[in-house]
Amino acid sequence: MISVTNLKKVYRQADREVRALDGVTLSVPANHVHAVIGQSGAGKSTLVRCLAMLDRPTAGTVTIGGVNLTAVHSTALRRSRRRLGVVFQHANLFDSRTVAANVSYPLELARTPRAERLARAAELLSLVGLADRQDAYPAQLSGGQRQRVGVARALANRADILLMDEPFGALDPIVRTELQCELKEIQRALGTTILFVTHDVDEAFTLGDQVAVLSTGGHIEQVGTPTELLSSPASPFVAEFVG
């Protein structure tokens, strides 16, 4: 479903180059959750942005659903990106829109008929436990509720892939645990493929069928199940990072 080969991203800062990703290779099967863990500055957010083609990789390929996103442009890229939903650490909701209007916004862009948009928003808000908050505004929601709206919005176009960049990082531990459980339920119910980026090892091990450890400089140290990482770390870095 997601295949990343030798992905590199280099930024220029004044007279020097900053290597954010250095030859990342990953494979995420359909209906799986793949967690990526790493310290701050390891390139986790850059990876998500490159997978979503919000940033163009310097080199390498990103293939999603059989389409090489790094080789297509314009209409073909927009069509392929509809399969992707992206959730960031902050939900970035429109304050002037109701919860239902926020969720249905991607469908407005796709010129979906209004009745269909409203029905889809109601369906997704029920899925994330906010059926009674359709007419509320973001300012009236808790942090956890706003992130639930963000997840619902990411699924509005019936995306079968979610890219999630520290989506629960700003929440308190109790709410964070609740949302982790809810995300697993949603993933099982919809069969969604998820790439989940976090700095939290426990969160990665809770959610991930597979976990990739990213070291500073955007290099993958090891990919494996949580059990494999704990029992057979591939390097001293992995051993120290996963504890």
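Residues numbered from 1 in each chain as written. Predicted model: local features only at pLDDT ≥ 70, side-chain atom pairs only at ≥ 80, totals over all residues. Heavy atoms only, no water.

Chemist: What am I meant to see in the overall build of the protein chain here?
Modeler: Counting its secondary structure elements, the protein chain contains nine helices and ten strands. Relative to the 2.2 N^0.38 estimate, which gives 18 Å for 243 residues, the radius of gyration of the protein chain is 18 Å and therefore close to what a compact globule would have. Based on the C-alpha atoms only, the size of the protein chain along its principal axes is roughly 55 × 40 × 35 Å. The burial tally for the protein chain puts 48% of its 243 residues in the buried class. The contacts in the protein chain between residues at least 6 apart in sequence include a share of 65% that link residues at least 24 apart. Carbon and sulfur atoms form 48% of the exposed surface of the protein chain, whose accessible area is close to 11500 Å². One finds the centroid of the 26 positive side-chain charges in the protein chain at a distance of 10 Å from the centroid of its 24 negative side-chain charges. (Helix = DSSP H or I, 4+ residues; strand = E, 2+ residues; numbered from the N terminus. Rg over C-alpha atoms; globule rule 2.2 N^0.38 Å. Buried < 20%, exposed > 50% of the residue type's maximum accessible area, 1.4 Å probe, protein only. Contact = heavy atoms within 4.5 Å. Areas by Shrake-Rupley, 256 points an atom, 1.4 Å probe, with all protein chains shown as cover. Lys, Arg positive; Asp, Glu negative; His and termini not counted. Charge placed at Lys NZ, Arg CZ, Asp CG, Glu CD.)

Chemist: Looking at this model, I keep getting lost on the pattern of salt bridges. Mind explaining?
Modeler: Working definition: two side chains of opposite charge can pair if their charged atoms are close together. Enumeration according to the criterion identifies ten salt bridges in this entry. Between Arg83 and Asp160 there is a salt bridge, with its nearest N and O atoms 2.8 Å apart. Of the two residues, Arg83 sits in the loop between helix H2 (74-81) and strand E6 (84-87) while Asp160 sits in the loop between helix H5 (143-154) and strand E7 (161-165), which places them 77 residues apart along the sequence. By relative accessible area, which is 27% here, Arg83 ends up partly exposed. (Salt bridge = Lys/Arg side-chain N within 4 Å of Asp/Glu carboxyl O.)

Chemist: Quick question: what am I supposed to make of the nonpolar core here?
Modeler: Generally speaking, soluble globular proteins have nonpolar side chains that are buried together. Ranked by internal contacts, the top residues of the largest apolar core, which has 32 residues, are Val103, Leu125, Val149, Met164, Leu183, Ile194 and Phe196. Elements represented by at least two residues in this core include exactly helix H3 (99-109), helix H4 (114-127), H5, E7, helix H6 (173-190) and strand E8 (193-198). (Core = buried A, V, L, I, M, F, W, Y, C linked by side-chain atoms within 4.5 Å.)

Chemist: Where do I start with the layout of surface pockets in this structure?
Modeler: Here the idea is plain: a probe the size of a water molecule rolls over the atoms and shows the empty space left. In this structure, the largest pocket encloses a volume near 790 Å³. Contributions of two or more residues to the lining of the largest pocket are made by H2, E6, H3 and H5. It is E6 that contributes the most residues to the lining of the largest pocket, four residues altogether. Considered class by class, the residues forming the lining of the largest pocket number 14 nonpolar, five polar and four charged. Of the volumes computed, that of the second largest pocket is approximately 170 Å³. Lining the second largest pocket we find 13 residues, and of these His90, Ala91, Asn92, Arg146 and Gln147 sit closest to its centre. When grouped by side-chain class, the residues that make up the lining of the second largest pocket number six nonpolar, five polar and two charged. (1 Å grid on protein atoms, 1.4 Å probe; cavity = no way out; pocket = protein on both sides within 12 Å on 5 of 7 lines; lining within 4 Å. Points joined across faces, edges and corners; volume = space filled by probe spheres on them. Nonpolar A, V, L, I, M, F, W, Y, C, P; charged D, E, K, R; others polar.)

Chemist: Sorry, what's going on with the pairing of strand E3 (residues 33-38) here?
Modeler: Every regular strand shows the same layout, with side chains that alternate between the two sheet faces. Burial runs high along E3: six of the six residues are buried. Of the two faces of E3, both are covered, the one formed by Val33, Ala35 and Ile37 as well as the one formed by His34, Val36 and Gly38. Pairing between E3 and E8: five bridges, direction parallel. Looking at the pairing, Ala35 lines up with Phe196 of E8. Pairing analysis gives five bridges linking E3 to strand E9 (residues 210-215), with the strands arranged parallel. (Pairing = 2+ DSSP bridges.)

Chemist: What exactly am I supposed to notice about the sheet that holds strand E2 (residues 16-28) here?
Modeler: Within a beta sheet, neighbouring strands are joined by backbone hydrogen bonds and run either parallel or antiparallel to one another. Read across the open sheet, the four strands follow the order E2-E1-E4-E5; overall the sheet is antiparallel. Each of the sheet's edge strands pairs with one partner strand only, and the pair in question is E2 and strand E5 (67-68). Bridge count between strand E1 (residues 2-13) and E2: ten bridges; the pairing is antiparallel. Each bridged residue has a counterpart across the sheet, and for Val4 the counterpart in E2 is Leu26.

Chemist: Explain empty space enclosed by the protein here, please?
Modeler: Going through the model one piece at a time under the given rule, you end up with one cavity of 30 Å³ or more. Each pocket or cavity is described by its volume, and for the largest cavity that value is around 70 Å³. Lining of the largest cavity is provided by Val128, Arg148, Val151, Phe168, Leu179, Glu182, Leu183 and Ile186. For the lining of the largest cavity, the elements supplying multiple residues, two or more each, are H5 and H6. Per-element tally for the lining of the largest cavity: the top contributor is H6, with four residues. Residue composition of the lining of the largest cavity, by class: six nonpolar, no polar and two charged.

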